[in-house]
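# Observations on chain architecture
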Amino acid sequence: MDVALGRWVKGLAQDRPALVNAVLGLLVFAYWLLCRSHPKQNIALILDKAATRGEIVTLHLGVAALAAMTAGFAGVVVVFGLTADAERFRQLRREGDHRLRATWVSVVSSSFLSAFVAVGAATAALANWVQPSVWATLVAVFLLAHAAVRLLWMLTALARVKHGDDQDSSSQEMTVAEIERRTATLGPGRPESGDAA
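These remarks concern the structure in this document.

## A short note on the environment of Ala102
Checked against the element boundaries, Ala102 lands in helix 5 (residues 87-126). Considered as a pair, Ala102 and Arg16 are 86 residues apart in the sequence and their alpha carbons are 7.4 Å apart.

Right under this line is the structure:
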């Protein structure tokens, strides 16, 4: 029963990226509620006391830069998946339908959203709203982590499809090569069985 539940949760997470983002947001909210009664576990409070405002702004902008880089790489992967013309890729796009499109869009949109949230957090930190800015960047980090994991999953799936396509091509080439080899064994001028004198 646990295996079936695990498969169901995995399938739900793969098919519904917006739901995963919502759950991650709820996790950050639950952590914020927990920190209200346990302030020693509050990462925003710890950073506010331990780091300068400039260091915190640098942290936010670092997350924004990483998110922008992930969005760029995700765009390359998605364009490859959308434009590949082999039959296996066409079949993947047909069978994946709107769930596959949701995943492709989510990888890019989650990365961009993470970058915008982190830049907003850096602006908030400059305005001396340090703790709210740290909470915002925590949300950005979760969004970015989700985008990165989904991107790696997508890249692995596309690599498998490409490998299958390469095997199909290799098998066809071997078939042609085998025909050519067998034809070459006849040799020029070799008499056919009915031509013997």
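## Some remarks on unusual backbone geometry
Residues other than glycine seldom take positive phi values, yet Asn128 does so here, at roughly 75°. As for its placement among the helices and strands, Asn128 is situated in the loop between helix 5 and helix 6 (130-186).

## A word on the packing of aromatic side chains
Inspection of the entire model under this criterion finds two aromatic pairs. With a centroid separation of 5.7 Å and an interplanar angle of 25°, the aromatic rings of Phe29 and Trp32 are classed as stacked. Of this pair, Phe29 and Trp32 both sit in helix 2 (residues 17-37), separated by three residues, roughly a single helical turn. With relative accessibility at 45%, the residue Phe29 sits in the partly exposed group. The class for Trp32 is partly exposed, based on a relative accessible area of 32%.

## Some words on the nonpolar core
Residues Phe89, Leu151 and Met154 are the most contacted members of the largest nonpolar core, which totals 14 residues. Elements with a contribution of two residues or more to this core: helix 4 (53-83), helix 5 and helix 6. The element that contributes the greatest number of residues to this core is helix 5, accounting for five residues. Those residues in contact with Leu151, other than ones at most four positions away along the chain, are Thr70, Phe73, Ala74, Val77 and Val107. Ile56, Ala125, Trp135 and Leu138 belong to the second-largest nonpolar core, a separate cluster that totals twelve residues.

## A word on a nonpolar patch on the surface
Together, Phe73, Val76, Leu152 and Leu155 make up an exposed nonpolar region whose accessible area comes to about 370 Å². Listed by contribution, the elements that provide at least two residues to the nonpolar patch are helix 4 and helix 6. Along the chain, Leu155 turns up in helix 6. Given a relative accessible area of 33%, Leu155 falls into the partly exposed group.

Cut-offs applied
Within each chain, residues carry numbers counting from 1 in the order of the written sequence. The model is predicted, so local features are restricted to residues of pLDDT at least 70 and side-chain atom pairs to those at 80 or more, both for listing and for counting; the totals for chains, interfaces and linings are taken over all residues. Working from all heavy atoms in the structure, the side-chain values ignore hydrogens and water. Segments assigned H or I by DSSP are reported as helices when at least four residues long, segments assigned E as strands when at least two residues long, and all are numbered from the N terminus. Note on aromatic contacts: the rings of Phe and Tyr and the six-membered ring of Trp form a pair at centre separations within 6.5 Å, being stacked when their planes are under 30 degrees apart, edge-to-face when over 60 apart, and tilted otherwise. Working definition: with a 1.4 Å probe on protein chains only, accessible area under 20% of the residue-type maximum means buried, over 50% means exposed, and in between means partly exposed. The nonpolar core is taken to be a set of buried Ala, Val, Leu, Ile, Met, Phe, Trp, Tyr and Cys residues, with the residues joined through side-chain atoms within 4.5 Å. We call two residues contacting when some pair of their heavy atoms lies within 4.5 Å. Grouping into patches uses exposed residues only, defined as over 30% relative accessible area, and leaves out salt-bridged ones; the cut-off is 9 Å for like charges and 5 Å for nonpolar side chains (Val, Leu, Ile, Met, Phe, Trp, Tyr). Surface accessibility in these figures is a Shrake-Rupley result with a 1.4 Å probe; residues are shielded only by whichever protein chains are displayed. Salt bridges are defined by distance alone: a side-chain nitrogen of Lys or Arg within 4 Å of a carboxyl oxygen of Asp or Glu.

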